[in-house]
Every structure is written in structure tokens, then in C-alpha cells.
Amino acid sequence: MNQSAQLFSRARAVIPGGVNSPVRAFRNVDGDPFFVQSAKGAYITDADGRQLIDYIGTWGPAILGHAPEPVLNAVHAAVNRGLGYGIPAPSEVDMAEMIVRMVPSVEKVRMVNSGTEATMSAIRLARGYTGRRKIIKFIGCYHGHVDSLLVAAGSGALTFGEPDSAGVPREMTQLTITVPYNDREAVKKAFELHGRDIAAVILEPFPANAGLYFPQNGFLHFLRKITRQYDSLLIFDEVMTGFRVAPGGVQQLHGITPDLTCMGKVIGGGLPVGAFGGRAEIMDCLSPLGSVYQAGTLSGNPVAMAAGLAQLRELLEGNAYDRLEQLGARLEAGIREAIRKHGRNYTFHRAGSMFCLFFTEEEVYDLDTAQKASKALFKPFFWNMLEQGVYFAPSPYETGFISLAHTEEDIDRTVEAVHASLSRLG
Ligand SMILES: Cc1ncc(COP(=O)(O)O)c(C=O)c1O
Ligand SMILES: NCC(=O)CCC(=O)O
């Protein structure tokens, strides 16, 4: 047995499924996960010394690549000043000012410890602020494992066939209205039926947890308009897209001002960080100023703030986003050519450094169309890529991430592996 197999055998005995988050499991591709020994730049090294080009990037945070020097240095310096205080510290102010500067709609922000906490708190705040109960959520969007949002959810919930989780009583989700993404009529109907009781519409502005797809024909502007019309809040979950597709996320790209924004992943520099923010008038409803309670022993942790700040500062220097776009465009061109040579017309989506290959030739714009992609083709493709030293997520519903540590050579090697993997599919 190799090291990974031994570790997995020990892990399975004491950790459910051997993993601390379901998306790490390989059950969906009929295998066992490997274990990582270390990670640097674009590469991970597994417990058996195998080096892989990584396109998971810690599921989003590793936008500079793994273990970047500026982040490591900031963390070392912060650790020497203590691991946490539970008392306000300067880095929390620096982080809040940085987020307010970078994200156009955010006037005030609260730090939390994960994306899940961010969406959970944003929903509570929206309900507290509006005095309403219902929320609209889109089918296939994933907002973390919040009870009321584990309805028609994406990510691991979708991969492992539990989009409505067991353990969430119906009463907890009966205030969640689900509609297909990009479906204006369904949204209109929901507002016509429940409008005056809808506290908020929450969405991934670029859905990236059921594959990656995009808003069509001004869908985001439509949502902004209809939420204003009914005095409901618009919540952008930019946990994945924030600081990734642009410094200010999708809202900057599309010129939309949501009322609240959920953040995570990149702002933590690899440490456990989330945040939610928005209009000051709404944010001031939070305790201790207002009556909506929200708290956290570790929130704003100084080591995590130092890591996140160092990463954001690095992103703002030079031409980080142009460079990510260049690398993304190179990968896209290469993969499209590989698909063409293979005699197919598979759908490939990309937004800057995020990408997704669907094994379907049809247009993908919501969960139903994403599910037309062939799982039977994805599986051997995944294993072929891994065999050639390239690690894509072990699910057709996850998005790939390029980092600033990837080089043209890494991209070209990846494209060659895609050529070989597609031709082996026959
Ligand atoms: C869009 C989106 N929202 C929320 C979350 C939840 O974040 P976390 O896993 O940090 O709780 C994720 C990913 O996990 C996500 O992709
Ligand atoms: N795109 C899905 C995730 O980022 C989820 C990560 C996790 O649940 O571990």
C-alpha cells in the first residue's frame, strides 16, 4: 500500500468518509483520494512524492498559487505578535478598509470565518432589516451548508446526489423559494405570489457550483430592478468570484450594486476567513448597534487578517488580473483546439481564471442544461488527466482555478494532457 492508501485507510476509520469536506472525496469518480504532503506555487506534492499541477487552488483561495512568499512572511510576522486576542486589532480595520475600497457596493463589512457563515449571516441580516421571512434562491447555486440554503444546492450536495440535505427539517426550508437560474418568468412569478414577504434574493452572480455558467440578457440587472421594485434585498454571493474575476468581483464587471455581498476564499489568503458587507444603513442593523445578532470568537483573527491582507495587496500590485486573463485565455484556446481536433463541440466556459469543461455540445445556462453533460465521459477524462500529472476537481460540477503561479509551460502541459485524455476517450 502506498502512503496515500495507508492514510486513507486510517482516515476512514476515524473521519466520516475519510474527508473533512465531501468535495475532497473521490467516490464520484470511483476511487480514493490522495493525500497532500505539501504545496508550492502551481504544484502539489502528494504523500508518495508525486507532483501534480493543481487547478483546485484550495477551492479558490490560492489565487497567487500555494504558499506565496508575501503571505508566508505576513503570517510569520503576525504569529510573533500573538495568535488571537478577541479584542479589536489594527489588522481588522486595515482589512475592512481594503474590502470597502475594492468592492464597490460595500460601505461596511463584518468578518467571519467561512463562506457559510457569511451567507448565513447575510440572510439573517436581510430578514432582520426587512422584517420579512422568505428568500429566493437559484437551483444549482451553492451558498455553503446553511440549513435554509441547502435546497436544490450545488457543489458536493449535487455531486453526491443530496441537493436537499437530510437533517434539514422541511420547516427550515419552507421559506426558501427556488427558481431556475436565468429564468426571469419564474422570478417574476415568485415576486407576484410572495413579493411583500420576500426579504432577499441570493445568488452566485456567476454560478460556479454546478459547472460554471453565466447570467444571460441582463439577468443581473433584471434582478436588481425587481428587488428594488418590491423593496427586497439583492445579495451577491461572491465567495468564489470575489477578488477573483476582478478586484471588485462580478458586481464590478457588470456594474451592479447589490445590497449585501458575501465574501470568502481569496480574502483569507488560505486561512479560514469569510466576510459579508454592504450598505451602511443595513449593516448597522447588526449587534451591538442593531437588533440582529451575529458573533464569532475567532472572527477577524489577526493571523488570518494578515494572510488575507498580504494576498489582496499582492493582487492590487502590478497587473495580476491581466496576467490571470492571459493565462486563462491561453488555456481556453488550447482546450478549444483540443476539443475541435477530437471532432467535438463540447461547451467550455471561462471567466478570467475560472473555467469549466462540460461534456455536452448544448448550451449551458442553468442546472438542467449543466446536467446534460456526460458523467460517463467525465470520469475517464479525470483519471487520464491525473495520470498525466494534472489535478482537476473530482466532480464535473466544480470549477477549475488558475493561479498567478501557473506558467505558460504549465498551461501548455495541461493542454497536451487534455489532447491525450480526449483522444483516449475514443
Ligand atoms: C459561492 C459559494 N458560497 C459559499 C461557499 C461556502 O464557503 P465555505 O466553504 O467557506 O463555507 C462556497 C464554497 O464553499 C461557494 O462557492
Ligand atoms: N466549489 C465548492 C467549494 O468550494 C466547496 C469547498 C468545500 O465544501 O470543501
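Keep in mind it's a predicted model, so treat the numbers as computed, not measured.

The rules behind these values
Residues numbered from 1 in each chain as written. Chains lettered and ligands numbered in written order. Predicted model: local features only at pLDDT ≥ 70, side-chain atom pairs only at ≥ 80, totals over all residues. Heavy atoms only, no water. Helix = DSSP H or I, 4+ residues; strand = E, 2+ residues; numbered from the N terminus. Buried < 20%, exposed > 50% of the residue type's maximum accessible area, 1.4 Å probe, protein only. Core = buried A, V, L, I, M, F, W, Y, C linked by side-chain atoms within 4.5 Å. Contact = heavy atoms within 4.5 Å. Near = heavy atom within 4 Å. Polar contact = N/O pair within 3.5 Å; in protein donor to acceptor, adjacent residues only side chain to side chain. Areas by Shrake-Rupley, 256 points an atom, 1.4 Å probe, with all protein chains shown as cover. Nonpolar A, V, L, I, M, F, W, Y, C, P; charged D, E, K, R; others polar. Pairing = 2+ DSSP bridges. Axes fitted to C-alpha atoms, helices over the stretch in contact; angles between N-to-C directions. Expected span 1.5 Å × (residues − 1). Arc of directions from axis to C-beta. Phe/Tyr/Trp six-rings, centres within 6.5 Å; stacked < 30°, edge-to-face > 60°. Salt bridge = Lys/Arg side-chain N within 4 Å of Asp/Glu carboxyl O.

Asker: How should unusual backbone geometry be read in this particular structure?
Answerer: Negative phi characterises most residues that are not glycine, and trans characterises most peptide bonds. P288 follows S287 through a cis peptide bond whose omega is 10 degrees. Relative to the assigned elements, P288 resides in the loop between helix 10 (280-283) and helix 11 (302-316). With a phi angle near 45 degrees, A152 is a residue other than glycine that sits in the positive phi range. For A152, the location among the structural elements is in the loop between strand 5 (134-138) and helix 5 (156-159). Even without being glycine, N182 reaches a positive phi, approximately 70 degrees. Take N182: its relative accessible area is 14%, and that puts it in the buried class.

Asker: I keep staring at the nonpolar core and nothing clicks. Help me out?
Answerer: The nonpolar side chains of soluble globular proteins are, as a tendency, buried together. Ranked by size, the top nonpolar core spans 41 residues in total, and within it I136, F138, Y181, V187, F191, L203 and L223 carry the most contacts. Elements that contribute at least two residues to this core include exactly strand 5, strand 6 (176-179), helix 7 (184-194), strand 7 (198-203), helix 8 (219-229), strand 8 (233-237), strand 12 (354-358) and helix 13 (367-370). The greatest single-element share of this core, amounting to five residues, is contributed by helix 8. Filtering out sequence-adjacent residues up to four positions away, L203 remains in contact with F138, H143, Y181, L220, L223, L234, I235, F236 and D237.

Asker: Would you mind showing me how to read the site of ligand 1 here?
Answerer: In the region of ligand 1, the neighbouring residues are S114, G115, T116, Y142, H143, G144, E204, N209, D237, V239, M240 and K265. Within the contact set of ligand 1, an oxygen atom lies 2.6 Å away from a side-chain nitrogen or oxygen of T116. Between ligand 1 and Y142, the relevant distance is 3.4 Å, taken from a nitrogen atom to a main-chain nitrogen or oxygen of the residue. Here ligand 1 has 380 Å² of accessible area as a free molecule, and 82% of this is covered by the chains. Here the residues of the shell around ligand 1 sort into three nonpolar, six polar and three charged.

Asker: For this particular structure, what's the right way to read the site of ligand 2?
Answerer: Neighbouring ligand 2 are S21, V23, W59, S155, N209, M240, K265 and E398. In the model, a nitrogen atom of ligand 2 is placed 2.6 Å from a nitrogen or oxygen of the N209 side chain. For ligand 2, a nitrogen atom lies 2.6 Å from a polar atom in the side chain of E398. The residue inventory of the shell around ligand 2, partitioned by class, reads three nonpolar, three polar and two charged.

Asker: In this structure, what is going on with the environment of V103? I would like to understand it.
Answerer: Along the polypeptide, V103 turns up in the loop between helix 3 (90-102) and strand 4 (108-112). Sequence separation between V103 and G249 is 146 residues, and the spatial gap between their C-alpha atoms is 7.1 Å. Not counting chain neighbours up to four residues away, the residues in contact with V103 comprise F243, G248, Q251 and M263.

Asker: Honestly, the sheet that holds strand 13 (residues 390-391) in this entry has me stumped. Any pointers?
Answerer: What holds strands together in a sheet is hydrogen bonding between their backbones, with the strands either parallel or antiparallel. Reading across the sheet, the four strands line up as 1-2-3-13 and stay open at both edges, with mixed pairing between neighbours. Bordering the open sheet on either side are strand 1 (36-40) and strand 13, each of which pairs with just one other strand. Strand direction decides the pairing type here: strand 3 (residues 51-54) and strand 13, joined by two bridges, are parallel. Each bridged residue has a counterpart across the sheet, and for D54 the counterpart in strand 13 is Y391. Sitting on the sheet, helix 15 (residues 408-425) is in contact with strand 2 (43-46), strand 3 and strand 13, with an inclination near 95 degrees to strand 3.

Asker: I keep staring at helix 1 (residues 3-14) and nothing clicks. Help me out?
Answerer: Count 3.6 residues to each turn of an α-helix, and residues three or four apart come out pointing the same way. Over its twelve residues, helix 1 extends 17 Å from the first C-alpha to the last, a length consistent with the 16 Å expected when each residue adds 1.5 Å. Among the residues of helix 1, those classed as buried are S4, F8 and A11. All buried residues of helix 1 project into a common sector of 65 degrees when viewed along the axis, lining one side. Residues of helix 1 that are exposed and point more than 90 degrees away from the buried face comprise R10, A13 and V14. The N-capping residue of helix 1, defined by a side-chain oxygen 3.3 Å from the backbone nitrogen of S4, is N2.

Asker: What should I look at first to understand the side chain of S232 in this one?
Answerer: By secondary structure assignment, the location of S232 is in the loop between helix 8 and strand 8. When its relative accessible area of 3% is taken as the criterion, S232 is described as buried. Once residues lying within four places of it in the same chain are set aside, the contact partners of S232 are R132, F191, G195, I198, A199, A200, R224, T227 and D259.

Asker: Help me out: how do you make sense of the packing of aromatic side chains in this one?
Answerer: The relation between two aromatic rings is expressed through the spacing of the ring centres and the mutual angle of the planes. Counting across every chain of the model gives 22 aromatic pairs. Seen from their ring centres, F34 and Y391 are 4.8 Å apart, and the 65 degrees between their planes marks the pair as edge-to-face. Of this pair, F34 sits in the loop between helix 1 and strand 1 while Y391 is found in strand 13, placing the two residues 357 residues apart along the sequence. Taking the relative accessible area as the measure of exposure, F34 reaches 13% and is therefore buried. Between Y55 and F355 the ring centres are 5.7 Å apart and the planes differ by 80 degrees, which places this aromatic pair in the edge-to-face class. Of the two residues, Y55 sits in the loop between strand 3 and helix 2 (69-79) while F355 sits in strand 12, which places them 300 residues apart along the sequence.

Asker: How do you make sense of the pattern of salt bridges when you look at a structure like this?
Answerer: Pairing between side chains of opposite charge can happen when their charged atoms approach one another. According to the stated counting rule, one finds 18 salt bridges in the structure shown. Close ionic contact of R50 with D46 constitutes a salt bridge, the shortest N to O distance being 3.0 Å. The exposure class of D46 is buried, given its relative accessible area of 5%. The partner of E332 in a salt bridge is R336, with the nearest N and O atoms 2.8 Å apart. Of this pair, E332 and R336 are both found in helix 12 (residues 320-341), four residues apart, which corresponds to roughly one turn of the helix. By relative accessible area, E332 is classed as buried at 17%. What makes R336 partly exposed here is its relative accessible area of 38%. Salt bridges sharing partners connect three or more residues here, namely R224, D259, R279 and E281.

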